[in-house]
Amino acid sequence: MTHWRIDAPGQTLALAAGDGLPRVIWWGAPLPPTEDLAALEAATRSDLTGGMLDRLPDLTLCPLPAADWQGQPGLEVAEADGTPLHPRLAFARAESGPGNLRLVSQGDGLTLTHHLQAHPTGIITLSAEVQANRPLRLRWLAAAALPLPQQDAEMIEVSGRWLAEFHLTATPWSPGARLRESRTGRSGQEHPPYALFPEPGCTNTQGTARALHFAWSGGHRMLAEELPDGRRQVQMGHAAGAWTAPATRFRTADLIAAVSTTGLNGIAATFQRDIRDRVIRWPDPARPRPVHYNCWEAVYFDHDLATLADIASRAAALGAERFVLDDGWFKGRDNDTSSLGDWTVDRRKWPDGLHPLIAHVRSLGMTFGLWVEPEMVNPDSDLYRAHPDWALGPSDQTTGRNQMVLDMGRTEVRDHLFAALSELLNEYPIDYLKWDHNRLLPVVDAAQTEGAYALIDRLRAAYPAVEIESCASGGGRVDAGILARTHRVWLSDCLDPTERLRIQHDAALFLPACVTGSHVGARKAHTTGRDQPISYRARVAALRHFGFEMDLRALTEDEARTLAEVTAWWKANRAWLMRATILRLDSADPALTAEMHLSDSGDRFLVAGGQAATSRQILPRPLRLTGLDPAARYRLRLTNAQDAPPQSRRRAALANGPLILSGRALMDQGILLPVAWPATLWLVEGDRLPT
Ligand code: GLA
């Protein structure tokens, strides 16, 4: 029996292998360096009894029927002609370097390699690779099968829909297998590739949790299973059948694993750090995140220079630094029924091209960004008329938003798109692309995602200064696969601050503020019809990568003043806020969504308490803070006492000036916010005082 361990800050993964495939004997909090792995492995061996085989099959990294595994297998493979294969594999060798391990197993003409790597951000990545001596059909390959504790009561899955992304759903464990799969060809709003496994008693701020994220944009599959003997496993990989053609080599994307002993916030902190410091490749890490203006909800497809130049001037006056021209600028695009694929400027709307608008935007000190949706094509487009065979899937397929998708697996399609986008990037000083993906795909196909990645990678190499935003009808493509080649996600098409507050709060378990786009929308939200004050709309957006998206001509003077103030506040604080860790607070009042943004050094923080609905009790409940030094003293200051309603008699200490308390008092007793109307977001700034 051979043993290995991989340690990342915050977790240990230990493995053992004898004759069979390697298996995980520990995935959890860091083990002491002196842990005896042979004893640990021995301690995982169970008794036997009746009603089972005379050998307990191991839960290996890839459990297989040929090794007596009667639960969900980690690999389903067939000969090229479709004959099912039940390979017998045995561990062959290990190769290890600092923080990484490659475990190679072989049999029946197959080599199965598991790649494991610890990263300084605190995560461990795992992926699986199959190589064969003949072309095979692969239906399913788990990046890894991992054991989970039997005492956990539930898992937390992420689900959602357009306008209501990132809902956390607790699913109780029970005997049998739970399958969750995104079969829409994208990571999707419905089943994004995240899962949390809290131990009993785990809250945002305390307890133990494990978490997984599959770094892939083409749709994932998660299998969580409790076996009849009581053991539990979880597997993640590409959606089944994603490899459509026989091949001799297959490799999964990375499964990203995190462990926390400080509640779900420990997972959030690790995933946020990992996305920000490892996954994203910033063109210029030192450049502050610019304040965005996006014109979509202001003008939709109705573009004209005078209007957009006027709006751009107003945006700049309010503090915007990047102007993004959204959908509607290209040839024939007057609504969503036509023209995707025809990426040349519409001369009816823009007789002199985009030059006059861009020159105006730049004269105002803003940079310029452009919306594109390169992977898509409308049947009513010159591109489709010229190349109907470039569309993916059957010609009589049901369209989505009137569009089809190009077959990104084809070199000529990618070359064409590269040339079309290059022409735009060569002609115009564009520093940003909002890259959209607005339909569910007709088939599940890994080549589609790999093709999209290859195109973006080629563009990034050719235009390294251009940043890209990943949008897919809002948050339909938010994962570490796409974020390895983009720099921001458009989390949702819902700008209603009450909805957005919830969406971005739940997404903070996985995403740092600096990549999470959030815009101030119109007074009456376009997607819910709710009317909410600018103080609330602006402050909710200011908790993430800030921008505006509305017709700025409709602002009253008061609204414009508040928006300019919040923008100035965001700019003054972004240097630390965009690097801060978002910690979700355990609010005792379901009407209050609260989070803390704690600076890297721990010396300053922001408490955001969003009153989304009316509370049941008369007065605000104490809000306990987290992540502070119990012995240190902190000064707290409410930044927007003016948002208190007439019913508030302003007796809360914070409404009357700064409050100085120890970390212990702030974390155990908490703070009392003033009485609030629904649609209020309190912002409290905190600073650690010198000792
Ligand atoms: C999607 C995006 C929106 C907008 C439109 C344009 O719905 O999510 O932000 O860009 O497309 O058609």
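Rules of the game
- Residues numbered from 1 in each chain as written.
- Predicted model: local features only at pLDDT ≥ 70, side-chain atom pairs only at ≥ 80, totals over all residues.
- Heavy atoms only, no water.
- Helix = DSSP H or I, 4+ residues; strand = E, 2+ residues; numbered from the N terminus.
- Rg over C-alpha atoms; globule rule 2.2 N^0.38 Å.
- Buried < 20%, exposed > 50% of the residue type's maximum accessible area, 1.4 Å probe, protein only.
- Contact = heavy atoms within 4.5 Å.
- Areas by Shrake-Rupley, 256 points an atom, 1.4 Å probe, with all protein chains shown as cover.
- Lys, Arg positive; Asp, Glu negative; His and termini not counted.
- Charge placed at Lys NZ, Arg CZ, Asp CG, Glu CD.
- Phe/Tyr/Trp six-rings, centres within 6.5 Å; stacked < 30°, edge-to-face > 60°.
- Lys NZ or Arg CZ within 6 Å of the ring centre and 35° of its normal.
- Pairing = 2+ DSSP bridges.
- Axes fitted to C-alpha atoms, helices over the stretch in contact; angles between N-to-C directions.
- Core = buried A, V, L, I, M, F, W, Y, C linked by side-chain atoms within 4.5 Å.
- Expected span 1.5 Å × (residues − 1).
- Salt bridge = Lys/Arg side-chain N within 4 Å of Asp/Glu carboxyl O.
- Near = heavy atom within 4 Å.
- Polar contact = N/O pair within 3.5 Å; in protein donor to acceptor, adjacent residues only side chain to side chain.
- Nonpolar A, V, L, I, M, F, W, Y, C, P; charged D, E, K, R; others polar.
- Arc of directions from axis to C-beta.

A word on the overall build of the protein chain
Stage number 1. Along the backbone of the protein chain there are 13 helices and 35 strands.
Stage number 2. Against the compact-globule benchmark of 26 Å for 691 residues, the protein chain has a radius of gyration of 26 Å, which places it among compact chains.
Stage number 3. Referenced to the eigenvectors of the C-alpha coordinate spread, the extents of the protein chain come out at roughly 80 × 70 × 40 Å.
Stage number 4. Split into buried and exposed, the 691 residues of the protein chain put 61% on the buried side.
Stage number 5. Partitioning the intrachain contacts of the protein chain with sequence separation of at least 6 by distance along the chain shows that 69% fall at a separation of at least 24.
Stage number 6. Carbon and sulfur atoms provide 51% of the accessible area of the protein chain, an area that totals close to 25600 Å².
Stage number 7. Across the protein chain, the 72 positively charged side chains and the 81 negatively charged ones have centroids separated by 4 Å.

Side note on the packing of aromatic side chains
Stage number 1. Applying the stated rule across the entire model yields 19 aromatic pairs.
Stage number 2. Ring geometry for Phe166 and Tyr194: centres 5.8 Å apart, planes at 45°, overall tilted. On the criterion of sequence distance, the pair formed by Phe166 in strand β12 (residues 164-172) and Tyr194 in strand β14 (residues 194-198) is long-range, its members being 28 residues apart.
Stage number 3. Ring geometry for Trp296 against Phe301: centres 5.1 Å apart, planes inclined by 90°, an arrangement best described as edge-to-face. Neither residue differs from the other here; Trp296 and Phe301 are each classed as buried.
Stage number 4. One aromatic cluster is present, built from ring pairs that chain together Phe166, Tyr194, Phe271 and Phe510.
Stage number 5. In this structure, Arg500 is placed above the aromatic ring of Trp490, and the distance from its NZ or CZ to the ring centre is 4.4 Å.

Focus: the sheet that holds strand β1 (residues 2-8)
Stage number 1. If you trace the 3 strands from one edge of the open sheet to the other, you get β1-β2-β3, paired in antiparallel fashion. On the outer flanks of this sheet lie β1 and β3 (23-28), each paired with one strand and no other. Ignoring strand direction, the axes of neighbouring strands in this sheet form an average angle of 15°.
Stage number 2. Where β1 meets strand β2 (residues 11-17), 7 bridges bridge the pair, whose relative direction is antiparallel. Looking at β2, one finds that His3 is bridged to Ala16.

Remarks on the nonpolar core
Stage number 1. With 179 residues, the main nonpolar core has Phe323, Leu325, Trp329 and Leu563 as its most contacted residues.
Stage number 2. No other element matches the 8 residues that strand β9 (residues 124-141) contributes to this core.
Stage number 3. Among all residues touching Phe323, those that are not within four sequence positions of it are Tyr293, Cys295, Leu308, Ala312, Leu357, Val361, Met366, Thr367, Phe368 and Gly369.
Stage number 4. Leu592, Leu623, Leu625 and Ile671 belong to the second-largest nonpolar core, a separate cluster that totals 25 residues.

Considering helix α4 (residues 305-318)
Stage number 1. Here α4 contains 14 residues, and its C-alpha end-to-end distance of 20 Å stays within 8% of the 20 Å for a straight helix at 1.5 Å per residue.
Stage number 2. Here α4 has its buried residues at Thr307, Leu308, Ala309, Ile311, Ala312, Ala315, Ala316 and Leu318.
Stage number 3. Residues of α4 that are buried make contact with β20 (292-294), α3 (296-299), β21 (322-325), α5 (355-363), β29 (545-548) and α12 (557-577).
Stage number 4. Among the residues trailing α4, Gly319 stands out with phi positive, at a value near 120°.

Focus: the pattern of salt bridges
Stage number 1. Under the counting rule described, the total for this entry stands at 55 salt bridges.
Stage number 2. Residue Arg231 is joined to Asp229 by a salt bridge in which the shortest nitrogen-to-oxygen separation is 3.1 Å.
Stage number 3. One salt-bridge network, held together by shared partners, links Arg287, Arg289, Arg322, Asp431 and Glu467.

Description of the site of the ligand
Stage number 1. Of all residues adjacent to the ligand, which total 13 residues, the nearest are Asp326, Asp327, Arg401, Lys434 and Asp493.
Stage number 2. Here an oxygen atom of the ligand and a side-chain polar atom of Lys434 are 2.7 Å apart.
Stage number 3. Contact with the protein chains hides 96% of the accessible area of the ligand, taken as 310 Å² for the molecule alone.
Stage number 4. Among the residues making up the shell around the ligand, the classes are represented as 4 nonpolar, 3 polar and 6 charged.

Some details on the side chain of Arg333
Stage number 1. Along the chain, the position of Arg333 falls in the loop between β21 and α5.
Stage number 2. Judged by its relative accessible area of 0%, Arg333 is buried.
Stage number 3. Ignoring anything within four residues of it in the chain, the contact list for Arg333 reads Phe301, Asp327, Gly328, Ser338, Ser339, Leu340, Asp346, Arg348, Lys349, Trp371, Asn378 and Arg401.

Digging into the side chain of Arg439
Stage number 1. Take Arg439: it is sitting in the loop between β25 (432-435) and α8 (446-462).
Stage number 2. We note that Arg439 is buried and unpaired, the nearest opposite charge coming from Glu373 at a distance of 8.4 Å.
Stage number 3. A polar contact is formed between the side chain of Arg439 and the side chain of Gln397, at a distance of 3.0 Å.
Stage number 4. Of the polar contacts made by the side chain of Arg439, one reaches the backbone oxygen of Gln403; its length is 2.8 Å.
Stage number 5. Look past the residues within four positions of Arg439 in its chain and what remains in contact with it is Arg186, Met376, Gln397, Thr398, Thr399, Gly400, Gln403, Met404 and Val405.

Comments concerning α5
The periodicity of an α-helix, 3.6 residues per turn, causes residues three or four places apart in sequence to face the same way.
Stage number 1. Looking only at α5, the buried set comprises Leu357, Ile358 and Val361. Burial along α5 is one-sided: seen end-on, the buried residues are contained in an arc of 95°.
Stage number 2. Where α5 is buried, its residues touch α4, β21 and β22 (367-372).
Stage number 3. With its phi angle positive at about 85°, Gly365 sits one or two positions after the end of α5.

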